[in-house]
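# Structural overview for review
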Amino acid sequence: MRIIRDTLYVDPADRGAAAAIGNFDGVHLGHQAVIEIARDVARTTHAPLGLMTFEPHPRSYFAPDAAPFRLMNATAKANRLEKLGVEKLYEVPFNAALAALTPDAFAREVIAERLGLAHVIVGADFCFGKDRAGNTATLQQLGADLGFGVTIVEMIDIGDSPVSSTAIRTALSEGRPRDAAKMLGHWHRIEGEVIRGDQRGRDLGFPTANMAMSDLHLPNFGVYAVKVDVLTGPHEGTYDGAASIGTRPTFGENTANCETFLFDFKGDLYGTPLSVALVDYLRPELKFTTIEALIAQMDKDCALARDLLADV
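Bear in mind that the values here come from a model prediction, so they are computed numbers and not experimental data. (Residues numbered from 1 in each chain as written. Predicted model: local features only at pLDDT ≥ 70, side-chain atom pairs only at ≥ 80, totals over all residues. Heavy atoms only, no water.)

## Quick word on helix H3 (residues 74-83)
Our working definition: Think of it in three bands: residues with accessible area under 20% of the maximum for their type are buried, residues over 50% are exposed, and the middle band is partly exposed, with areas taken using a 1.4 Å probe on protein chains only. Labels follow the DSSP assignment, with helices taken as runs of H or I lasting at least four residues and strands as runs of E lasting at least two, numbered in each case from the N terminus. Working rule for contacts: check all heavy atoms of both residues, and any pair within 4.5 Å makes them a contact.
Taken residue by residue, H3 has Ala76, Lys77, Ala78, Arg80 and Leu81 as its buried positions. Looking at the buried residues of H3, the elements they touch are strand S1 (2-4), helix H1 (29-45), strand S3 (49-55), strand S4 (88-93) and strand S9 (188-193). In the stretch just after H3, glycine 85 is the one whose phi turns positive, near 90°.

Here is the structure:
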């Protein structure tokens with residue numbers, strides 16, 4: 001998959017795609033439905049399968065002081081999209097100039113002129129342009145005028161509820177990772193490089209791989225049964241484990257992070273990219289009065305996680 005970040009001067013070889021457009025935060029089942037329609041269009045029109053998204057997320061631009069909300073960082077999203085067969089990923093920089101474009105200007109300058117898209121595929125709730133003034137009807141009319149095709153995909157429902165990034169965030173905030181996974185079509189994953197922590201886990205007999213979560217929506221604090229993909233290096237592979245997400249109240253006030261103990265693993269993971277999939281929520285974060293009590297609970301957590309992951 002080619003990632004095109006300079007969307008002002010696009011190589012001719014990267015033009016002419018049939019591209020889905022949206023933020024695709026989480027790449028959930030609704031997003032996947034849009035991508036599947038885009039794949040069909042690309043196949044029938046003999047065009048590359050593309051996807052246009054925005055970096056940073058527009059919400060970060062309009063509400064920079066809001067709490068972190070993203071389900072995926074840009075790298076994790078690109079990894080997921082590559083697995084889905086996207087050939088051209090257009091990461092359009094979202095800035096003041098882009099935010100000021102009218103729907104007409106966005107369609108003409110970005111879709112038609114800069115990226116040269118042959119066909120665009122969007123969800124039924126798609127809005128675009130300054131003040132979100134353009135909708136799917138606007139896009140269809142502009143596509144007819146400017147020479148690109150437009151396909152609208154209806155939203156996906158599970159039960160009585162539409163699949164949305166907001167609903168997935170709610171499930172994660174309430175400690176329901178399996179419900180989130182039903183809407184995502186995959187496990188919710190935390191991805192990033194392993195950073196150095198306080199190394200208390202090693203002293204406790206549970207060495208952990210620490211990952212920052214500064215720009216991500218925070219799931220319910222507590223302990224999770226997890227599947228861990230070590231993405232590169234000599235230890236590359238998939239492992240079962242238990243992860244603690246939170247601020248480690250037993251040891252004072254700390255920035256929230258993810259600490260993962262990989263079962264039956266020995267090795268150095270500092271600087272290695274991991275993908276930690278949340279499978280089951282085991283218990284809330286607790287403050288322990290003694291180290292002995294903490295170790296005893298960690299033993300119980302790991303035993304339960306092993307049982308739950310045996311059939312995953």
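## A word on the packing of helix H5 (residues 103-114) against helix H6 (residues 136-146)
Operational definition: Only C-alpha atoms enter the line fits that serve as axes; for helices the fit covers just the stretch in contact. Angles between N-to-C directions range over 0 to 180 degrees. What sets the label is the angle itself: under 35 degrees gives roughly parallel, over 145 gives roughly antiparallel, 65 to 115 gives roughly perpendicular, and the rest give oblique. Here a crossing is called left-handed whenever its near helix is offset anticlockwise from the far helix by less than a right angle, and right-handed whenever the offset is clockwise. For this scheme, ten residues count as nonpolar: Ala, Val, Leu, Ile, Met, Phe, Trp, Tyr, Cys and Pro. Four count as charged, namely Asp, Glu, Lys and Arg, and the remainder, Gly too, count as polar.
Taken N-terminus to C-terminus, the directions of H5 and H6 make an angle of 50°; their axes are 10 Å apart at the nearest point. Taken together, the axis directions place H5 and H6 in an arrangement best described as oblique. Judged by the sense of rotation from one axis to the other, the crossing of H5 with H6 is right-handed. Residues Pro103, Asp104, Ala107, Arg108, Ile111 and Ala112 of H5 form the contact with H6, whose own contacting residues are Thr138, Leu139, Leu142 and Leu146. When grouped by side-chain class, the residues that make up the contact of H5 with H6 number 7 nonpolar, 1 polar and 2 charged.

## Some words on the pairing of strand S11 (residues 222-230)
For clarity, the cut-off: The criterion for strand pairing is that DSSP finds at least two bridges linking the strands in question.
Counting buried residues along S11, 9 of its 9 residues qualify, which places the element largely inside the surrounding structure. Across 9 bridges, the pairing between S11 and strand S12 (residues 237-246) is antiparallel. Pairing of tyrosine 224 across the sheet is with alanine 243, part of S12. Between S11 and S12, which pair antiparallel in sequence order, lie 6 residues; one of them, glycine 233, sits at a positive phi of approximately 90°. Examined bridge by bridge, S11 and strand S14 (residues 273-284) share 9 bridges and lie antiparallel to one another. Each residue of the ladder has a partner; that of lysine 227, found in S14, is alanine 277.

## Examining H6
Helical geometry note: an α-helix holds 3.6 residues per turn, so side chains three or four residues apart project in the same direction. Here is the rule: This arc is built from the directions going out from the helix axis to the C-beta atoms. In the analysis that follows, any N or O atom pair within 3.5 Å is treated as a polar contact, provided that within protein one partner can donate a hydrogen and the other can accept it, and provided that, for residues neighboring in sequence, both atoms belong to side chains.
Turning to H6, its buried residues number three or more, namely Thr136, Leu139, Leu142 and Gly143. Down the axis, H6 shows its buried residues gathered within 120° of arc, on one side only. Among the exposed residues of H6, those pointing more than 90 degrees away from its buried face are Ala144 and Asp145. At its buried positions, H6 is contacted by H5, strand S5 (119-123) and strand S6 (149-153). Where H6 starts, the residue carrying a side-chain oxygen 3.1 Å from the main-chain nitrogen of alanine 137 turns out to be asparagine 135. Following H6 by one or two positions, glycine 147 has its phi on the positive side, about 95°.

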